[in-house]
Amino acid sequence: MTGAFAVSKHDEGAGFIRLAVRGEIDDEVSEVLAQIIGNAAAQPGVAVVIVDLERVPFLAAAGIRALLEGRAAALAHGRSYQVVNARGVVHGVLSTAGLLSLFQTVVRRAPAHR
């Protein structure tokens, strides 16, 4: 892994939680990411878990698995799940894997005050 991996959680109100991921998502960090997503989904009052990949330059197969496990955790808790701002290589990987519609992948802007 060459990029520093980090996840920051943002409460966007109305039950929306955005997890802003930074760095490469590979087998070194995939389990941690899946756990972070699962923990966010388990919180009371959460309606939608949004995983923001704007600052992710690389997504390995293990990263896809983490996103799928995160989705499963969100659905198990009755939450909606979205993956947003996948760009470049990451968007291509998700497209090739056929996951864009499953993850409701869109490009969106974070609120200006964040």
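Residues numbered from 1 in each chain as written. Predicted model: local features only at pLDDT ≥ 70, side-chain atom pairs only at ≥ 80, totals over all residues. Heavy atoms only, no water.

K.L.:
Pulling in residues and values, what's your account of the pattern of salt bridges?
P.N.:
In the structure shown here, the tally under the stated rule is four salt bridges. Put simply, E69 and R65 hold a salt bridge, and the shortest N to O gap is 3.7 Å. Note that E69 and R65 are positioned in helix 2 (residues 61-76) at a spacing of four residues, about one turn of the helix. You can call E69 partly exposed: its relative accessible area is 40%. A single salt-bridge network, built from bridges that share partners, covers E12, R18 and D52. (Salt bridge = Lys/Arg side-chain N within 4 Å of Asp/Glu carboxyl O. Helix = DSSP H or I, 4+ residues; strand = E, 2+ residues; numbered from the N terminus. Buried < 20%, exposed > 50% of the residue type's maximum accessible area, 1.4 Å probe, protein only.)

K.L.:
I'd like a description of unusual backbone geometry, backed by residues and values.
P.N.:
Of note, the phi angle at A14 is positive, near 55°, even though the residue is not glycine. Topologically, A14 is positioned in the loop between strand 1 (6-13) and strand 2 (16-22). Positive phi, close to 55°, is recorded for Q104, a residue that is not glycine. Within the element layout of this structure, Q104 appears in the segment after helix 3 (88-96). Taking the relative accessible area as the measure of exposure, Q104 reaches 43% and is therefore partly exposed.

K.L.:
Mind laying out the pairing of strand 3 (residues 48-55), listing which residues take part and the relevant values?
P.N.:
Where burial is concerned, most of strand 3 is hidden: six out of the eight residues are buried. Examined bridge by bridge, strand 2 and strand 3 share six bridges and lie parallel to one another. The partner of F16 across the bridge, within strand 3, is V48. Bridge count between strand 3 and strand 4 (residues 80-84): five bridges; the pairing is parallel. Bridge assignment links V51 to a residue of strand 4, and that residue is V83. Chirality of the crossover, the property in question, places the unit of strand 3, helix 2 and strand 4 among those that are right-handed. (Pairing = 2+ DSSP bridges. Right-handed = clockwise from strand over helix to strand, strands pointing away.)

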